[in-house]
Amino acid sequence: MTEAILLVGGKGTRLRPLTVHTPKPMVPAAGVPFLTHQLARARAAGVDHIVLATSYLAEVFEPHFGDGSALGLHLEYVTEKEPLGTGGAIRNVAERLRSGPDEPVLIFNGDILTGLDIRALVDTHESTGADVSLHLTKVTDPRAYGLVPTDGTGRVLAFLEKPQTPEEIVTDQINAGAYVFRRSVIDTIPAGRPVSVERETFPDLLAAGAHLQGMVDSTYWLDLGTPAAFVRGSADLVLGRAPSPAVPGRRGDRLILPTARVAPDAKLTGGTVVGEGAFVAEGARVCGSTILPGAVIEPDAVVTDSLIGSRARVGERSVLTGAVIGDGAVVGADNELRDGVRVWCDARIPAGAVRFSSDQ
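What comes next is a walk through the structure. (Residues numbered from 1 in each chain as written. Predicted model: local features only at pLDDT ≥ 70, side-chain atom pairs only at ≥ 80, totals over all residues. Heavy atoms only, no water.)

We now examine the packing of helix α3 (residues 85-92) against helix α6 (residues 197-207). The geometry of α3 relative to α6 is characterised by a closest axis approach of 7 Å and an angle of 70° between their N-to-C directions. Comparing the axis directions of α3 and α6 gives the class roughly perpendicular. Taken together, the residues of α6 that come into contact with α3 (itself represented by Thr 86, Gly 87 and Ile 90) are Val 197, Glu 198 and Thr 201. Residue composition of the contact of α3 with α6, by class: two nonpolar, three polar and one charged. (Axes fitted to C-alpha atoms, helices over the stretch in contact; angles between N-to-C directions. Helix = DSSP H or I, 4+ residues; strand = E, 2+ residues; numbered from the N terminus. Parallel < 35°, antiparallel > 145°, perpendicular 65-115°, else oblique. Contact = heavy atoms within 4.5 Å. Nonpolar A, V, L, I, M, F, W, Y, C, P; charged D, E, K, R; others polar.)

Here it is as structure tokens:
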């Protein structure tokens, strides 16, 4: 296998305001755009040609990655004129593929952080003679996912959308968002219209008697679709819990990018990242959080499991837990922001304006 398709066209609406100015795959995780980790892992598995299926803020990708040579890859970019869904996006880039009809093409989503053994998935595909092979993972509560039951040999039996009752939960295996397609199968996807690979392509192939093979790989897996998950994924990369050859520094409790400044008595823990040009002032405590480039954490602020956008500022003694602060926003001194709060880009919260406890 030498080539892959990477689906990076989504709007990332669940991640807003992080994705107001930045497409989801380009939001920094562990110091580099998340997409960098995926590209590096694909390259390590032997992939050398990747076609990026772009749509939302498509103009951002190529200026950053260019032709991919810096990563040892050859990258091409195809932009959808209108959203085509997962299957439609795959079909839309097919003409850029070089593989022969029976050769494997790796396909993966741009918002999944995983320790998947990519070579093992390809080997499973080739040894079973499958038309499509899917990475499956097991989850404790599968109700939010599409279920993929398999037989004793791993052959896929059905695709069951999000179960609503206990009786419908027939397996804990879910579609983990990475596939290997026989090249000729891609050409059977309808062109020029939206197609869901999960809801249309896979069920139709199964109904037509195609061989769909599942491979359960229960290593690290995380859907980065929500702010809390994205922050956790970045921290796990820094801590070494999630694998990537692209983390720009030693793994440990913190990752401080070269031009960032951190006061000697500031405390950074839990996989915290401090981006280029950011500043963490004296007495500040930051745990499990991502501080994007140019942001400022003022003296004695406490930031936990949060993401602070580019050029944003967190005022003195403010306490943030599970918060997302958009690019350029300012949180004044002595505020208290708790789980789930999202402060929009360039918004300004006056000093002492928001609290969840008394002012004592």
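After that view, the rundown keeps rolling.
Moving on, we come to the pairing of strand β9 (residues 173-182). β9 sits mainly inside the fold: ten of its ten residues count as buried. Taken together, the six bridges between strand β8 (residues 132-138) and β9 define a ladder with antiparallel strand orientation. When the bridges of β9 are listed, Ser 133 appears paired with Val 180. (Buried < 20%, exposed > 50% of the residue type's maximum accessible area, 1.4 Å probe, protein only. Pairing = 2+ DSSP bridges.)

Turning next to the nonpolar core. Ranked by size, the top nonpolar core spans 29 residues in total, and within it Ile 5, Ile 107, Leu 134, Phe 181, Ile 186, Phe 202 and Leu 212 carry the most contacts. Where this core is concerned, the elements lending two or more residues are β1 (3-7), β4 (49-54), α3, β6 (104-109), β8, β9, α5 (183-186) and α6. When sequence neighbours within four positions are dropped, the list of residues in contact with Ile 107 reads Ile 5, Leu 7, Ile 90, Gly 177, Ala 178, Tyr 179, Phe 181 and Ile 186. (Core = buried A, V, L, I, M, F, W, Y, C linked by side-chain atoms within 4.5 Å.)

This part is about the pattern of salt bridges. In total, this model carries 15 salt bridges according to the counting rule given. The closest approach of N and O atoms between Asp 123 and Arg 119, which form a salt bridge, is 3.7 Å. Remark: Arg 119 and Asp 123 occur in helix α4 (residues 118-128); sequence separation between them is four residues, near one turn of the helix. Take Arg 119: its relative accessible area is 31%, and that puts it in the partly exposed class. Connected through shared salt-bridge partners, Asp 102, Asp 131 and Arg 182 make up one network. (Salt bridge = Lys/Arg side-chain N within 4 Å of Asp/Glu carboxyl O.)

Following the criterion strictly, the structure yields six aromatic pairs and no others. Pairing Phe 159 with Phe 202 gives two aromatic rings, centres 5.4 Å apart and planes at 20°, and the pair type is stacked. Taken together, the residues span a long stretch of sequence, with Phe 159 in the loop between β8 and β9 and Phe 202 in helix α6 at a distance of 43 residues. Overall, Phe 202 belongs to the buried group, its relative accessible area being 0%. Consider the rings of Tyr 179 and Phe 181, whose centres lie 6.4 Å apart with planes at 75°: the pair is edge-to-face. (Phe/Tyr/Trp six-rings, centres within 6.5 Å; stacked < 30°, edge-to-face > 60°.)

A sheet is described by the order of its strands in space; here six strands give the open sequence β12-β15-β18-β21-β24-β27, paired in parallel fashion. The open sheet has two edge strands with one neighbour each: β12 (254-256) and β27 (342-343). Bridge count for strand β21 (residues 307-308) against strand β24 (residues 324-325) is two bridges, and the pairing is parallel. Each residue of the ladder has a partner; that of Ile 308, found in β24, is Ile 325. This element, helix α7 (residues 227-239), spans β12, β15 (272-274), β18 (290-291), β21, β24 and β27 of the sheet and lies at about 90° to β15.

Our focus in this paragraph is the sheet that holds strand β13 (residues 261-262). One open sheet holds the six strands; their spatial order is β13-β16-β19-β22-β25-β28, and the pairing between them is parallel. Edge positions in the open sheet fall to β13 and β28 (348-349), since each of these has one partner strand only.

The α-helix winds at 3.6 residues per turn, so residues separated by three or four positions along the chain end up facing the same way. Over its 13 residues, α7 extends 18 Å from the first C-alpha to the last, a length consistent with the 18 Å expected when each residue adds 1.5 Å. Burial within α7 is extensive, with ten of its 13 residues counted as buried. Looking at α7, one finds that the buried residues are Pro 227, Ala 229, Phe 230, Val 231, Gly 233, Ser 234, Ala 235, Asp 236, Leu 237 and Val 238. In the segment just after α7, Gly 240 is the residue with positive phi, at about 90°. (Expected span 1.5 Å × (residues − 1).)

What follows deals with the layout of surface pockets. Reported here for the largest pocket is a volume of approximately 1300 Å³. Lining of the largest pocket is provided by 43 residues; of these, Arg 14, Thr 86, Asn 109, Asp 111 and Glu 198 occupy positions nearest its centre. Those elements that provide at least two residues to the lining of the largest pocket are α3, β9, α6 and β11 (221-223). For the lining of the largest pocket, the element with the most residues is β9, which contributes four residues. Here the second largest pocket defines a volume of roughly 200 Å³. Forming the boundary of the second largest pocket are 15 residues, of which Pro 227, Ala 228, Val 231, Asp 305 and Gly 322 lie nearest the centre. A per-element tally of the lining of the second largest pocket places α7 first, with five residues. (1 Å grid on protein atoms, 1.4 Å probe; cavity = no way out; pocket = protein on both sides within 12 Å on 5 of 7 lines; lining within 4 Å. Points joined across faces, edges and corners; volume = space filled by probe spheres on them.)

Take it as geometry only, folks, not as evidence of what the structure does.
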